[in-house]
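Topology and contacts: notes
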Amino acid sequence: MNLIEKTREFAATFHEGEPSSHDMSHINRVEALCSGIQKEEGGDILTLQLAALLHDVGVIKEHEEGGDHALYSAEIASEFLGRAGVEEKTIEAVTYCIQNHRFSGGKIPETIEARILQDADRLDALGAIGIFRAVLSMGALRMLKHMTGLDKGSSKKDCL
């Protein structure tokens, strides 16, 4: 099994039963968008594929503990890629992309790969799919607040 297949399997374990819109179909769409944009704009395809597959692996931890899933995802990605024997330079590029992918965080990515990941994630939030994801997320976040008392609105402020 190659690195991309291993990464896809690893990421899928984090998205099983994910109650909002950060499921594997979102991950797969973001990966496809990254690949399409990369063909036109350039950038390292391996970095983009790994970053796309791993950019939301920390979302469950964010639901449970608050904080920023981008930071959790970057940490999880770094550990996974290190164990997989990926070069440190690639790990740093992937984690930078992941740390800067949230457009709601107001960050302006400096690398082409990070800009592509952020744009691909944004594009997946548009149109009919985006509307469906927004409705699904709102219901899931209300359920999370009702069941756990965790208010994602207030926890997000802590990480800015």
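Now for a description of the structure that goes with this document. (Residues numbered from 1 in each chain as written. Predicted model: local features only at pLDDT ≥ 70, side-chain atom pairs only at ≥ 80, totals over all residues. Heavy atoms only, no water.)

1. Structural notes on the environment of Leu33
- With respect to the helices, strands and loops of the structure, Leu33 is situated in helix H2 (residues 24-41).
- Residue classification places Leu33 among the partly exposed positions, given a relative accessible area of 29%.
- With 88 residues separating them in the primary sequence, Leu33 and Asp121 have C-alpha atoms 8.3 Å apart.
- Residues within four places of Leu33 in sequence aside, it is in contact with Ala120, Leu123 and Asp124. (Helix = DSSP H or I, 4+ residues; strand = E, 2+ residues; numbered from the N terminus. Buried < 20%, exposed > 50% of the residue type's maximum accessible area, 1.4 Å probe, protein only. Contact = heavy atoms within 4.5 Å.)

2. Brief notes about the side chain of Glu62
- Note that Glu62 resides in helix H4 (residues 59-65).
- At 3.2 Å, the side chain of Glu62 forms a polar contact with the side chain of Arg102. (Polar contact = N/O pair within 3.5 Å; in protein donor to acceptor, adjacent residues only side chain to side chain.)

3. Focus on helix H1 (residues 3-15)
- Over its 13 residues, H1 runs 19 Å from end to end, which matches the ideal 18 Å to within 8%, given 1.5 Å per residue.
- What H1 keeps buried is the set Ile4, Thr7, Phe10, Ala11 and His15. One face of H1 carries all of its buried residues, which in axial projection span an arc of 140°.
- In this structure, the buried side of H1 is in contact with H2, helix H3 (45-54) and helix H5 (69-83).
- The opening residue of H1, the one whose side-chain oxygen lies 3.0 Å from the backbone nitrogen of Ile4, is Asn2.
- Immediately downstream of H1, the backbone of Gly17 shows phi near 70°, a positive value. (Expected span 1.5 Å × (residues − 1). Arc of directions from axis to C-beta.)

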